[in-house]
Amino acid sequence: MSKLVKNAKGQTLVTLIPGDGIGPECVEAAKKIIDAAGVAIEWEVRHAGESVFKQGIPSGVPQETIDSIKKTRCVLKGPLGTPIGFGEKSANVTLRKLFETYANIRPVRELPGVPTPYSGRGIDLVVVRENVEDLYAGIEHMQTPGVAQCLKLISRKGCEKIVRMAFEFARSEGRKSVACATKSNIMKMTEGTLKRTFEEIAKEYPEIESWHVIIDNACHQLVKKPEQFDVIVTTNMNGDIMSDLTSALIGGLGFAPSANLGSEAAIFEAVHGSAPKYAGKNVINPTAVIGSAVLMLRHLGELAASQAIENALIVTMEDGKFRTGDVVGYESGKACSTTDYTDAIISNLGRASVKYKVRAVKPLVMPTVSTALDTVKPKSRRVLGLDVFIESAELPTVLGPVVEGLLEGSPLKLKMMSNRGTQVYPDKGTLIDCIDQHRCRLLLRDPQAELSDEQIFAVLPKLATRLKWAHLEKLQEFDGQPAYTKAQGED
Ligand code: NAP
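All figures in this text were calculated on a predicted structure; none of them were measured in a lab.

Per the secondary structure count, the protein includes 14 helices and 18 strands. When the backbone C-alpha atoms are referred to their principal axes, the protein occupies close to 85 × 50 × 50 Å. Relative to its full complement of 491 residues, the protein shows a buried share of 51%. Relative to all contacts within the protein whose residues are 6 or more apart in sequence, the contacts with residues 24 or more apart total 76%. As presented, the protein carries roughly 22100 Å² of accessible surface, and 55% of it is formed by carbon and sulfur atoms. Computed over 60 positive and 59 negative side-chain charges, the separation of the two mean positions in the protein equals 3 Å.

Right under this line is the structure:
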C-alpha cells in the first residue's frame, strides 16, 4: 500500500525533519533505534518550521523539503513550532495538507511502568482524525474590523475517505468497533455529513460494530470509561482536542505517536509539540516519536523491525530502570536522560514482554475513493435566495426597515435578519447583544422561481447605496431539500 522509493543500495528513502524545540532530540532517538534494528534506510535530512520562518519563508516549508517528500513519499518528523494567534500558518498543517495526508491515526495504549489513574483498565484505542478539512483548512476573514470568520468546510468525499480509513485501520489491527464522534446535533450539515457518511459506509463492514456518539459525550465517556472505545473517527478539530485527552489517559503527550496517511505520502510524528522549555536539556521522553517510527516501519512493510522496536520499548518501560522525568518527576532524582532511555531500548532489542503483547497487524488496505471532484450529483437544484452579510452599527429595528426599503421593486424580499445566527428582525422580543455584522436573508418573492446571477448582481448595487456588504452566500435547494440551515428562532 505504501509507495516505497529505494536507492541503488536497496535502502528505502525517508525524509527526516528534525523540527523545533525538543524535536531534534526525539527524532535522533528514533533514528538511532531504527538504525540499530538494522532497517536499511537512507535519511534525507530536510527542514521546516521555526528556522525556516526565520529565513523569511512564510509557509515554513522550503521547496527543497517539498521536493524531498515528493521523491521519498515518507517522512519522519519532529514537532514544529508555530506562532500562536498571529502571523504565519502552522508548517505542520501545511505539510499535512500539501501532501493530502487526510488521515491522522493516533493510537494510545496502557503502558507498563507508567502509572496513571486508569492503570489496570486496559485502555487501547485509536483516534482516527480527519486531517485536511474542517476549521483547520484555515480559511479565515475579518468580516468587519471586529468580527472574525473561519469557514468549516467538510466534504462528502473527505468524510468517505476518513470513514473508510477508520474501518480499514480497524480491520488491519483486528479491532472490534468504530465509534463516530461528531457535533451533528448542532452543526447538522458539516458534522452531520460525517455522521451520515459513517452510517452509510459502516454497512460495508458488518463484522465491525459501529455507533455514533456526540463529541462532548465522547469526551465525558473517555474520561469515565475509556476502555469502552476501540477506534474513534472524528472531524479535524474534534480529533485534535480529543487526541490530547486520550494521550493524557495513558501517561501524557510523551507517549502518544501518530501517523498522517494519504494515498500519495505519509508523515509520522508525535502528537506533542516542540515543548520549548525542555529543548536541548536531554530530559524529554522520546517514546511518542519512537512510537511514530514504529508506525512508519509498519507502513514501509518492515513488520519484523517495527515489532522488535515496539517490544524493546515495552520491555524497557516494564523493567522500569530507565524512566524519563515526565513519568517520575524531573526533580525526583530518579529520572534518566533521553539518551540513556534510548540506549536502554537499543539494548533491549530482541526481548519481548510476557505480559504486554504487541498487536499482530495485517497490512493496511488504503481506501479507494472516486477521484472525481464532484462525488455528489443531485438530480435537481435551484437557487432561491441569498444571505447577504452586512456591516452596520445600527440596531436591527432600524436596519430591517432600511433593507426592506432598498429591496422595493426587486424580486427579493427580506425574510429575516440574524445576528451571530439568531433572528433579530422581525423582532421577537428577545434579548440579544448585537454586534456590527448582520445576516440579511433574502428570498425570492415568487417561491417557485429561480434566482439568476443577473438578479443577484442587480440587487447588490441597490443594497450598497446605503449598506456595506462583506459576504454573500447563495441559498440553494438540492433535490428539493434546503441546502442551508435556519437561524435560531427563524420560523
Ligand atoms: P507541547 O509542545 O506538546 O507541550 C505541552 C506539554 O506537554 C509540555 O510542556 C510537557 O508537559 C508535555 N510534553 C510534550 N512533549 C513531551 C515529551 N516528549 N516528553 C515529556 N513531556 C512532553 O504543546 P505546546 O506547548 O502547546 O506547543 C509548543 C509548540 O509546539 C507550539 O508552537 C505548537 O504550535 C507546536 N505544536 C506542534 C505540533 C506538531 O509539530 N505536530 C503539535 C502540537 C503543537 P509538562 O509541562 O507538564 O512537563
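Next comes the rest of the write-up.
Quick look at the site of the ligand now. Near the ligand lie 23 residues; those nearest to it are Asn92, Gly273, Ala275, Lys277 and Tyr278. One of the side-chain nitrogen or oxygen atoms of glutamate 269 is found 3.1 Å away from a nitrogen atom of the ligand. Between asparagine 285 and the ligand, the recorded distance is 2.9 Å, taken from a backbone N or O atom to a nitrogen atom. In isolation the ligand offers 890 Å² of accessible surface; the protein chains occlude 68% of this area.

It is possible for side chains bearing opposite charge to pair when their charged atoms get close. If you walk through the whole model with that rule in mind, you get 37 salt bridges. With a shortest N-O distance of 3.6 Å, arginine 129 and aspartate 240 are connected by a salt bridge. Linking arginine 129 in strand 5 (residues 124-130) with aspartate 240 in helix 8 (residues 236-249), this pair joins segments that are 111 residues apart in sequence. The closest approach of N and O atoms between glutamate 200 and arginine 156, which form a salt bridge, is 2.6 Å. One end of the pair, glutamate 200, is in helix 6 (residues 190-202); the other, arginine 156, is in helix 5 (residues 156-172), and 44 residues separate them in sequence. Members of the salt-bridge network, linked through shared partners, are Asp124, Glu173, Arg175, Asp230, Arg298 and Arg359.

The buried count for strand 16 (residues 437-444) comes to eight of eight residues, which makes it a mostly enclosed element. Residues Gln437, Arg439, Arg441 and Leu443 line one face of strand 16 and the alternating positions His438, Cys440, Leu442 and Leu444 line the opposite face, and both faces are buried. Note that strand 13 (residues 381-391) and strand 16 share seven bridges and pair antiparallel. In the sheet register, glutamate 391 faces strand 16, and the bridge partner there is glutamine 437.

With that out of the way, let us pick up the nonpolar core. With 84 residues, the main nonpolar core has Ile34, Leu76 and Met296 as its most contacted residues. Beyond its immediate stretch of four places on either side in the chain, methionine 296 contacts Val14, Ile34, Ile41, Trp43, Cys74, Leu76 and Phe268. Within the second largest apolar cluster, 22 residues are counted, among which are Val402, Leu406, Tyr425 and Leu467.

Spacing of three or four residues puts side chains on the same side of an α-helix, whose turn is 3.6 residues. Here helix 8 is 14 residues long and its end C-alpha atoms lie 20 Å apart, about the 20 Å a rise of 1.5 Å per residue gives. Buried residues of helix 8: Asn236, Asn238, Gly239, Met242, Ser243, Thr246, Ser247 and Leu249, and no others. Buried residues in helix 8, looked at end-on, bunch into an arc of 160°, giving them a common side. Looking at helix 8, the residues exposed on the side facing more than 90 degrees away from the buried face are Ile241 and Ala248. The secondary structure elements touched by the buried residues of helix 8 are strand 4 (103-109), strand 5, strand 8 (177-182), helix 6, helix 7 (215-224) and strand 10 (231-234). Following helix 8 by one or two positions, glycine 251 has its phi on the positive side, about 130°.

Attention now moves to the pairing of strand 9 (residues 209-214). Here strand 8 pairs with strand 9 via six bridges, running parallel. Looking across to strand 9, one finds that valine 178 is bridged to serine 210. This β-α-β element, strand 8 to helix 6 to strand 9, shows right-handed connectivity.

Following the sequence through the fold, lysine 77 ends up in strand 3 (residues 74-77). A distance of 2.6 Å separates the side chain of lysine 77 from the side chain of asparagine 92, its partner in a polar contact. With residues up to four places along the chain from it excluded, the contact list for lysine 77 reads Ile17, Val27, Asn92, Leu95, Ile267, Phe268 and Glu269.

With that settled, consider helix 5. In a regular helix each residue adds 1.5 Å, so 17 residues correspond to 24 Å; helix 5 covers 24 Å between its end C-alpha atoms and thus fits that length. Among the 17 residues that make up helix 5, 15 are buried, leaving the element largely enclosed by the rest of the structure. The positive-phi residue at the C-terminal boundary of helix 5 is glycine 174, with phi of around 65°.

Our next topic: the sheet that holds strand 13. Strand order across the open sheet formed by six strands is 15-14-16-13-17-18, with antiparallel pairing between neighbours. The open sheet has two edge strands with one neighbour each: strand 15 (422-425) and strand 18 (481-482). Where strand 17 (residues 468-478) and strand 18 come together, two bridges link them in antiparallel fashion. What sits directly across from phenylalanine 478, in strand 18, is glutamine 481. Across the sheet, helix 13 (residues 396-406) is in contact with strand 13, strand 14 (412-419), strand 15 and strand 16; its angle to strand 14 comes to roughly 160°. Against the sheet, helix 14 (residues 453-464) makes contact with strand 13, strand 14, strand 16 and strand 17, and its axis sits at roughly 150° relative to strand 17, the strand it touches most.

About the criteria used
- Starting from 1, residues in each chain are numbered consecutively following that chain's sequence as written.
- Two thresholds apply to this predicted model, a pLDDT of at least 70 for residue-level local features and 80 or more for giving and counting side-chain atom pairs, whereas whole-chain, interface and lining totals are computed over all residues.
- In computing side-chain properties, one takes all heavy atoms of the structure into account and sets aside hydrogens as well as water.
- The helix and strand labels rest on DSSP assignments: H or I over at least four residues marks a helix, E over at least two residues marks a strand, and numbering proceeds from the N terminus.
- Think of it in three bands: residues with accessible area under 20% of the maximum for their type are buried, residues over 50% are exposed, and the middle band is partly exposed, with areas taken using a 1.4 Å probe on protein chains only.
- By the convention used here, residues are in contact when the closest approach between their heavy atoms is within 4.5 Å.
- For every accessible area listed, the method is Shrake-Rupley and the probe measures 1.4 Å; residues are considered covered only by the protein chains on display.
- Asp and Glu count as negative and Lys and Arg as positive, but His and the ends of the chain are not part of the count.
- Charged groups are reduced to one reference atom each: NZ for lysine, CZ for arginine, CG for aspartic acid, CD for glutamic acid.
- Nearness is judged by heavy atoms alone; a residue qualifies as near a molecule or strand once a single heavy atom is within 4 Å of it.
- Two N or O atoms form a polar contact when they lie within 3.5 Å of each other; inside protein one atom must be a possible hydrogen donor and the other a possible acceptor, and for residues adjacent in sequence the pair counts only when both atoms belong to side chains.
- Each reported salt bridge corresponds to a side-chain nitrogen of Lys or Arg within 4 Å of a carboxyl oxygen of Asp or Glu.
- Following DSSP output, two strands are said to pair if at least two bridges run between them.
- Throughout, nonpolar core names a set of buried Ala, Val, Leu, Ile, Met, Phe, Trp, Tyr and Cys residues whose side chains join them through atoms within 4.5 Å.
- What a helix should span is 1.5 Å times the count of its residues minus one.
- To obtain the arc, one takes the directions from the helix axis to the C-beta atoms.
- The definition of a right-handed crossover adopted here requires that, viewed with the strands pointing away, the path from the first strand over the helix to the second runs clockwise.
- The axes used here are C-alpha line fits, helices contributing only the stretch in contact, and every angle between their N-to-C directions lies in the interval 0 to 180 degrees.

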